[in-house]
Amino acid sequence: MTNKWKAALGAAVMGLSIMGTSLSAGASSHNKDILNVAHRGASGYAPEHTITSYKMGEQMHGDYIEIDLQMTKDGQLIAMHDETLDRTTNGTGQVKDHTLAEIKQLDAGSWFNEKYPQMAKPEYAGLKVPTLDEVFKTFGKNANYYIETKSPEVYPGMEEALLEKVNKYDIDKETLLVQSFSPASLIKMHDLDSSVKLVQLMEYTSPAAINDADINAVKQYAMGIGPNSDMIDKEYVQKVVNSGLEIHPYTVNEKEEMQKLIDWGVTGMFTNFPDRLNEVLKGK
Ligand code: G3P
Ligand code: CA
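The paragraphs below set out a description of the structure included in this document. (Residues numbered from 1 in each chain as written. Chains lettered and ligands numbered in written order. Predicted model: local features only at pLDDT ≥ 70, side-chain atom pairs only at ≥ 80, totals over all residues. Heavy atoms only, no water.)

## Here's the deal with the coordination of the calcium ion (ligand 2)
Within the protein, the atoms that donate to the calcium ion (ligand 2) are E66 (OE), D68 (OD) and E148 (OE), at distances of 2.1 to 2.3 Å. Viewed at the metal, the six donor atoms of the calcium ion (ligand 2) are separated by angles of 55 to 160 degrees, and the geometry they form is irregular. Each donor residue of the calcium ion (ligand 2) lies on one chain, and together they are spaced E-x1-D-x79-E. For D68, a relative accessible area of 1% gives the class buried. (Donors = N, O, S within 2.8 Å, 3.2 Å for Na, K, Ca; no water. Tetrahedral: all angles 85-135°; square planar, octahedral: opposite > 155°, others 65-115°. Buried < 20%, exposed > 50% of the residue type's maximum accessible area, 1.4 Å probe, protein only.)

## Focus: the pairing of strand β5 (residues 176-180)
Burial of β5 is extensive: five of the five residues sit out of reach of the surface. Side chains L176, V178 and S180 of β5 all project onto a buried face; the interleaved residues L177 and Q179 project onto the opposite face, where all are buried too. Relative to β5, strand β4 (residues 145-149) runs parallel, the two being bridged by four bridges. By the bridge assignment, I147 is partnered in β5 with V178. As paired strands, β5 and strand β6 (residues 197-202) are joined by four bridges and run parallel to one another. (Helix = DSSP H or I, 4+ residues; strand = E, 2+ residues; numbered from the N terminus. Pairing = 2+ DSSP bridges.)

## A word on the packing of helix α10 (residues 255-264) against helix α11 (residues 274-281)
Packing of α10 against α11 leaves a shortest axis separation of 10 Å and a crossing angle of 50 degrees. Regarding the angle of α10 to α11, the classification is oblique. Between α10 and α11 lies a crossing of right-handed hand. Residue-level contacts link K255, M258, Q259 and I262 of α10 to R276, L277, E279, V280 and L281 of α11. Here the residues of the contact of α10 with α11 are counted per class, giving five nonpolar, one polar and three charged. (Axes fitted to C-alpha atoms, helices over the stretch in contact; angles between N-to-C directions. Parallel < 35°, antiparallel > 145°, perpendicular 65-115°, else oblique. Left-handed = near helix turned anticlockwise from the far one by under 90°. Contact = heavy atoms within 4.5 Å. Nonpolar A, V, L, I, M, F, W, Y, C, P; charged D, E, K, R; others polar.)

## Things to note about the site of ligand 1
The environment of ligand 1 is formed by H39, R40, E66, D68, H81, E148, K150, Q179, F181, L201, Y250 and F270. Separating an oxygen atom of ligand 1 from a side-chain N or O atom of H81 is a distance of 2.6 Å. Within the side chain of K150, an N or O atom sits 2.7 Å from an oxygen atom of ligand 1. Burial of ligand 1 by the protein chains amounts to 91% of its free accessible area of 290 Å². Looking at the shell around ligand 1, its residues break down into four nonpolar, three polar and five charged. (Near = heavy atom within 4 Å. Polar contact = N/O pair within 3.5 Å; in protein donor to acceptor, adjacent residues only side chain to side chain. Areas by Shrake-Rupley, 256 points an atom, 1.4 Å probe, with all protein chains shown as cover.)

## Quick notes on unusual backbone geometry
Phi is positive for H61, which is not a glycine, with a value near 65 degrees. When you line up the elements, H61 lands in the loop between α2 (51-59) and β2 (64-71). Taking the relative accessible area as the measure of exposure, H61 reaches 57% and is therefore exposed. Even without being glycine, D170 reaches a positive phi, approximately 55 degrees.

## A word on the packing of aromatic side chains
Considering all chains together, one arrives at twelve aromatic pairs under this definition. Both rings, one in Y45 and one in F273, keep their centres 5.1 Å apart while their planes meet at 80 degrees; by these two values the pair is edge-to-face. Placement of the pair is Y45 in the loop between β1 (35-38) and α2 and F273 in the loop between β9 (268-271) and α11, with a sequence separation of 228 residues. Each member of the pair, Y45 as well as F273, is classed as buried. An aromatic cluster is defined as three or more aromatic residues linked by ring pairs; in this entry it consists of W111, F112, Y116 and Y124. The ring centre of W111 lies 6.0 Å from the NZ or CZ of R87, which sits over that ring. (Phe/Tyr/Trp six-rings, centres within 6.5 Å; stacked < 30°, edge-to-face > 60°. Lys NZ or Arg CZ within 6 Å of the ring centre and 35° of its normal.)

## Quick word on the pairing of β1
Taking every second residue as pointing to the same face, both faces of β1 are buried, with L35 and V37 on one and N36 and A38 on the other. Pairing between β1 and β9: four bridges, direction parallel. For L35, the partnering residue across the bridge sits in β9 and is G268. Sheet topology places β1 next to β2; two bridges connect them, and they run parallel. From the neighbouring strand, A38 faces β2, where its bridge partner is I65.

See below:
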């Protein structure tokens, strides 16, 4: 665990403790099957975070649609990984400096055709950045959503806005997961609605280790951990699983790596290729 993460978690937990908030993880209904999370949709095959990519993830039998959230200048939640528009649209600059109407003018698909000509399709050109409203309207209240609060420090009120949409569309909280690298954001979500199941993302820059104190801190509010797959080992996975937490490493795109993680005991993983993971799970 990085010192930065530890410091952030410690401060966040201490803050809640001071406020007298009662925390519980709400982890009673874990799905013990290995979750196949379509990372940014089936983003190995279609432009990430487009309705097309999410639909492809469903068609490939991904169990969850993974959605990264950013917030526009006028407070609308949109599906986008980066804080800037530059990589995945033909726009430029910060999301927070643009209105939804401006972002809706942009092409969120042509970059993919240019970067991945072997996967390119004419219909990807001109795809739009979806709002969270559009995603919920398209896939409905019973779809499985795995939603990340990205850069919550840049977007005050993001957690309240997310919860407002979840409630507006009557999203089934049994099949909703909210994830973040920010402990403060997850603890805020837990404080707002303890029935929302949470996953603490971890980013390690060197081989990962996790101790009982780290695990117990996360268990105060979350039902799982999402570490980067390339920094963990069997011991890490088994320590987390034996603690009763779920573990969903990201982002696993090669079959050999998928099988290794399954053998270690992970309870799910994020992949750009949900079809590949299903083949591995079926022993193909
Ligand atoms: O949410 C799991 C994984 O997506 C975290 O990494 O950068 O792809 O959002 P990132
Ligand atoms: Ca993500």
